[in-house]
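Each chain is listed here by its residues.
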Amino acid sequence: MAATLSLLKPPFTIPYKPLCPNCKLQAPSPSTTTKPSSISVGETTIQHLKSASLPLTAVTLPLFFDAKDALAVGGEFGILEGRTLALVHPLVMGGLFLYTLWSGFLGWQWRRVRTIQNEINELKKQVKPVAVTPEGSPVSDAPPSTVEAKIRQLTEERKELLKGNYRDRHFNAGSILLGFGVFESIGGGVNTWFRTGKLFPGPHLFAGAAITVLWAAAAALVPAMQKGSETARNLHIALNAINVVLFISQIPTGFEIVLKVLEFTNWP
């Protein structure tokens, strides 16, 4: 600002050069007095402004000192400050909460496919060998034991679970949840800034940030899970269980924010 104002000051003196340097100066006669060429202050200022090169910082610096004019909130962002986009966040996050439960169900079913096979293998160790003829048929047609009946039941159950293709469905659901969840959690904070010019530290903001971190952490365990690490699988389940609890805690605080949006914003 100081650099800009300094250019508006008039010069102190204007040097005068004679038109004929080699001519001798003559004393002016009493009747005719020669007055030096006078240049107005306005013309001189315009000439200096034309010849001077203003740095970019001299023009933009006032904007940084007056952040209220540069980052003001109150209609400058148009529809980005309106009620429509403000209500998109709670609607999307509500859908993602239900989708989180659905993804958890798919993951639990896929876990059941794996664990049920382990149960079958343990039960097979308890089956007593049956005497057979040289042709390979059993000596007597005794009814199957309780252990064998359980093995058959679990085998049929596993076949039905495999038809559900839960492994791929859970993987796809988790990928969608991660992508849309991170996008909308960041988008919610940006929308709040558009409407108010600031963020509001509190339970809703901190829990939302924790949910986003847990999504990323749970997804980071997938490579180890694919290699058969039970520790990674158990940690994956624990992180997502905490995520669901935090999601539930967001419902009352989010509802309060929706009421404030309806009160202080206008359509669209």
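Residues numbered from 1 in each chain as written. Predicted model: local features only at pLDDT ≥ 70, side-chain atom pairs only at ≥ 80, totals over all residues. Heavy atoms only, no water.

Topic: the overall build of the chain
Working step 1: When helices and strands are counted, the chain shows ten helices and zero strands.
Working step 2: Along its sequence from the N terminus, the chain presents helices and strands in the succession α-α-α-α-α-α-α-α-α-α.
Working step 3: For the chain, buried positions account for 22% of its 268 residues.
Working step 4: Contacts spanning at least 24 positions in sequence make up 80% of the contacts within the chain whose residues lie at least 6 apart.
Working step 5: Element-wise, carbon and sulfur atoms account for 66% of the exposed surface of the chain, whose accessible area totals about 19500 Å². (Helix = DSSP H or I, 4+ residues; strand = E, 2+ residues; numbered from the N terminus. Buried < 20%, exposed > 50% of the residue type's maximum accessible area, 1.4 Å probe, protein only. Contact = heavy atoms within 4.5 Å. Areas by Shrake-Rupley, 256 points an atom, 1.4 Å probe, with all protein chains shown as cover.)

Some thoughts on a nonpolar patch on the surface
Working step 1: A grouping of Leu199, Leu205 and Phe206 is seen on the molecular surface, where their side chains present a nonpolar patch of about 280 Å² in accessible area.
Working step 2: In this fold, Phe206 is placed in helix 8 (residues 203-220).
Working step 3: A relative accessible area of 52% places Phe206 in the exposed class. (Patch = residues over 30% accessible without salt bridge, like charges linked within 9 Å, V, L, I, M, F, W, Y side chains within 5 Å. Salt bridge = Lys/Arg side-chain N within 4 Å of Asp/Glu carboxyl O.)

Brief notes about the packing of aromatic side chains
Two aromatic rings, taken as a pair, are described by how far apart their centres are and by the angle between their planes.
Working step 1: The full count for this structure, using the stated rule, is five aromatic pairs.
Working step 2: Cluster of aromatic residues (ring-pair linked, three or more members): Phe97, Trp215 and Phe247. (Phe/Tyr/Trp six-rings, centres within 6.5 Å; stacked < 30°, edge-to-face > 60°.)

Section: the environment of Ala220
Working step 1: With respect to the element layout, Ala220 can be found in helix 8.
Working step 2: Under the relative-accessibility criterion, Ala220 is labelled exposed at 55%.
Working step 3: Along the chain, Ala220 and His236 lie 16 residues apart, while their C-alpha atoms are 9.0 Å from each other.

Quick notes on the environment of Leu205
Working step 1: Counting through the fold element by element, Leu205 comes out in helix 8.
Working step 2: Here the alpha-carbon distance between Leu205 and Gly254, two residues 49 residues apart in the chain, equals 9.8 Å.

Describing the pattern of salt bridges
Working step 1: Going through the model one piece at a time under the given rule, you end up with eight salt bridges.
Working step 2: Of the charged contacts, one joins Glu230 and Arg114 as a salt bridge, the two residues approaching to 3.7 Å between their closest N and O atoms. You can see Glu230 sitting in helix 10 (residues 230-264) and its partner Arg114 sitting in helix 5 (residues 83-124), a full 116 residues away along the chain.
Working step 3: Through salt bridges with shared partners, a single ionic network connects Arg112, Glu119 and Glu157.

Side note on the packing of helix 7 (residues 166-196) against helix 8
When two helices pack together, you describe them by how their axes are tilted relative to each other and by the distance separating the axes.
Working step 1: Relative orientation of the contacting elements helix 7 and helix 8 amounts to 155°, with a least axis distance of 10 Å. One element, helix 7, and the other, helix 8, form an angle in the roughly antiparallel class. As helix 7 packs across helix 8, the resulting crossing turns out to be left-handed. Of the residues in helix 8, those in contact with Leu177, Leu178, Gly181, Val182 and Ser185 of helix 7 are Thr212, Trp215, Ala216 and Ala219.
Working step 2: The class makeup of the residues in the contact of helix 7 with helix 8 is six nonpolar, three polar and no charged. (Axes fitted to C-alpha atoms, helices over the stretch in contact; angles between N-to-C directions. Parallel < 35°, antiparallel > 145°, perpendicular 65-115°, else oblique. Left-handed = near helix turned anticlockwise from the far one by under 90°. Nonpolar A, V, L, I, M, F, W, Y, C, P; charged D, E, K, R; others polar.)

Remarks on helix 6 (residues 146-163)
Working step 1: An ideal rise of 1.5 Å per residue puts 26 Å on 18 residues; helix 6 measures up with 26 Å between its terminal C-alpha atoms.
Working step 2: All of the buried residues along helix 6 are Ile151, Leu154 and Leu161. In an axial view of helix 6, the angular spread of the buried residues amounts to 90°, which keeps them on one side of the axis. Those residues of helix 6 that are exposed and aimed more than 90 degrees away from the buried face are Arg152 and Lys163.
Working step 3: Each element contacted by the buried residues of helix 6 is listed here: helix 5 and helix 7.
Working step 4: Asn165 sits one or two residues past helix 6 and shows a positive phi near 50°. (Expected span 1.5 Å × (residues − 1). Arc of directions from axis to C-beta.)

A word on the packing of helix 5 against helix 6
Working step 1: Where helix 5 contacts helix 6, the two axes come as close as 9 Å, and the packing angle between them is 155°. The angle between the axes of helix 5 and helix 6 places the two elements in the roughly antiparallel class. Helix-helix and strand crossings are classified by hand; for helix 5 and helix 6 the assignment is left-handed. Here helix 5 contributes Gln109, Arg112, Val113, Ile116, Gln117, Glu119, Ile120, Leu123 and Lys124 to the contact with helix 6, which in turn contributes Val147, Lys150, Ile151, Leu154, Thr155, Glu157, Arg158, Leu161 and Leu162.

What to know about the confidence of the model for the chain
Working step 1: This prediction gives the chain a mean pLDDT of 76; 65% of its residues lie at or above 70.
Working step 2: The secondary-structure element of the chain with the lowest mean pLDDT is helix 4 (residues 67-70), recorded at 36, while helix 8 shows the highest, at 94.
Working step 3: In the model, residues 1-14 has pLDDT below 50 throughout and makes 14 contacts with residues more than four positions away in sequence or in other chains.
Working step 4: Segment residues 52-72 is flagged for pLDDT under 50; beyond a separation of four residues in sequence, or across chains, it makes nine contacts in the model. (pLDDT = per-residue confidence, 0-100.)

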